[in-house]
Amino acid sequence: MAPSVQALVLVGGKGTRLRPLTLSAPKPMLPTAGQPFLTHLLARIREAGITDVVLGTSFKAEVFEEYYGDGSSLGLNLTYVTEDQPLGTGGGIRNVYDSLTADTILVFNGDVLGGTDIRDVVTTHSESGAEVTLHLVKVSDPRAFGCVPTDASGRVTAFLEKTQDPPTNQINAGTYVFDRRVIGEIPVGRPVSVEREVFPSLLAQGRHIHAHVDNAYWRDMGTPEDFVRGSADLVRGIAPSPIIAQRCGEALVLDDADVAANAVLIGGTVVGRGATVGSGARLDGAVVFDGAMVEAGAVVERSIVGFGARVGAGALVRDTVIGDRASIGARCELLRGARVWPEIQIPDGGVRFSTDV
Ligand code: GDD
Ligand code: MG
């Protein structure tokens, strides 16, 4: 018997805003609170009672199947459909059409950390009789998202992707419910944006797209700032995840990490497997990937330290991304959006913002 609801997770993006971390790993596979980000989303899908999940892959497609296999360890039946050339969000949805058997298809952007009850979105869809339902949330600055006004009945009236002049603070949260036949109408053989082409064209035809609006936890993990905050929110129990049994407190220290007794770990910091934190170091909202080293007296705030990277003694790293196996010399200062490329070695005191010698 065909399942009543199937899920598709779009994971084919290049994750450019998270470079250089996404040079080696696709964005959904970056570790957050000890698991690839995607595992939190897949666990939420499973928790909603959905077991048939397709991953729509493109960039670094092989990584997903190597890690998740048939999905049985998560209680899922996972299949993979790969675009040889990225087809965009709409093209990615159309590309899996032949793998879909259910009449109702839940589509997820693969980089959203959320607490919405997925079943409620499906219920809104079936009750309204719409052909497509969009999950919407309210944010303070809608300009980086798809802005989605609705009428008093909850019907979507427009879809304005990344507009500088948003008419509402209600945005596309990146979860959609589609009647399967609508997916079959998406053009084939070329890149298509679901946000810029499919939704506006359906609305122009007068088709019924409905909104499911709520105020559950929501964050797009696509930028370093959001990645760091989302990770910290998972650790502190602010963002829900079925695979984190309870809030970990101010920090999560994973297996085989070695943290000096007088190091300070706060703000939802994660110290990865086999990582080391030296004496007197202070980590506040830091995401330290597996095998990285933060040496004595270093300060790491709201930053990501890539796999096997090193932060030298007394260094200050704030709002920065450090690529895999890069080495930041002692007493360096890296601030405000700095990105250090993988393998780069910065000598002791080599980058400073202050003028002290
Ligand atoms: N398969 C496939 N192929 N997936 C893709 C492709 C592609 O060519 N391009 C992007 N994706 C996936 C990404 O991996 C990501 O999971 C999802 O589609 C959305 O792409 P992003 O690049 O993260 O888009 P965004 O964050 O700028 O904007 C989107 O998400 C916002 C909410 O988080 C839009 O849907 C906005 O309207 C929305 O508000
Ligand atoms: Mg995104």
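The rules behind each value
Residues numbered from 1 in each chain as written. Chains lettered and ligands numbered in written order. Predicted model: local features only at pLDDT ≥ 70, side-chain atom pairs only at ≥ 80, totals over all residues. Heavy atoms only, no water. Helix = DSSP H or I, 4+ residues; strand = E, 2+ residues; numbered from the N terminus. Buried < 20%, exposed > 50% of the residue type's maximum accessible area, 1.4 Å probe, protein only. Contact = heavy atoms within 4.5 Å. Donors = N, O, S within 2.8 Å, 3.2 Å for Na, K, Ca; no water. UniProt positions renumbered as here; feature names shortened; annotations may be inferred. Pairing = 2+ DSSP bridges.

Student: Help me out: how do you make sense of the side chain of T116 in this one?
Tutor: Examined against the element boundaries, T116 turns out to sit in the loop between β7 (112-114) and α4 (118-128). The exposure class assigned to T116 is buried, which follows from its relative accessible area of 9%. Residue contacts for T116: discarding those within four places in its chain leaves R44, V121, H135, D214, A216 and Y217.

Student: Quick question: what am I supposed to make of the coordination of the magnesium ion (ligand 2) here?
Tutor: Reference values for coordination geometry: four tetrahedral donors around a metal ideally subtend 109.5 degrees, six octahedral donors ideally subtend 90 or 180 degrees. The protein atoms that coordinate the magnesium ion (ligand 2) are D111 (OD) and D220 (OD), at distances of 2.1 to 2.3 Å. Here D111 is found in the loop between β6 (104-109) and β7, whereas its partner D220 is found in strand β13 (residues 218-220), with 109 residues between them in sequence. The residues D111 and D220 share a single accessibility class, namely buried.

Student: I'm lost on the UniProt feature "domain: Mannose-1-phosphate guanyltransferase C-terminal" (unreviewed entry) in the chain in this one. Help?
Tutor: Sequence positions flagged by UniProt for "domain: Mannose-1-phosphate guanyltransferase C-terminal" (unreviewed entry) are, in local numbering, residues 249-346. The annotated region residues 249-346 carries 0% helix and 41% strand content, and the separation between its end C-alpha atoms amounts to 33 Å.

Student: Please explain unusual backbone geometry as it appears in this structure.
Tutor: What you tend to see is this: most non-glycine residues have negative phi, and most peptide bonds are trans. The amide bond that connects R19 to the next residue, P20, takes the cis arrangement and shows omega of 10°. Of note in the backbone geometry, K60 takes a positive phi value of approximately 50° without being a glycine. Note on K60: relative accessible area 23%, which makes it partly exposed. One non-glycine residue, R331, lies in the positive phi region at around 65°. Its place among the elements puts R331 in the loop between β27 (327-328) and β28 (333-334). Under the relative-accessibility criterion, R331 is labelled partly exposed at 47%.

Student: Teacher, can you tell me more about the sheet that holds strand β14 (residues 251-253) here?
Tutor: Neighbouring strands of a sheet are bound in pairs by backbone hydrogen bonds; such pairs are parallel or else antiparallel. Across the sheet, 6 strands lie side by side as β14-β17-β20-β23-β26-β29; this open sheet has parallel pairing. Whereas interior strands pair on both sides, the edge strands pair on one side only; in this sheet they are β14 and β29 (339-340). The pairing of strand β23 (residues 304-305) with strand β26 (residues 321-322) spans 2 bridges and is parallel. Bridge pairing in β26 links V305 to I322.

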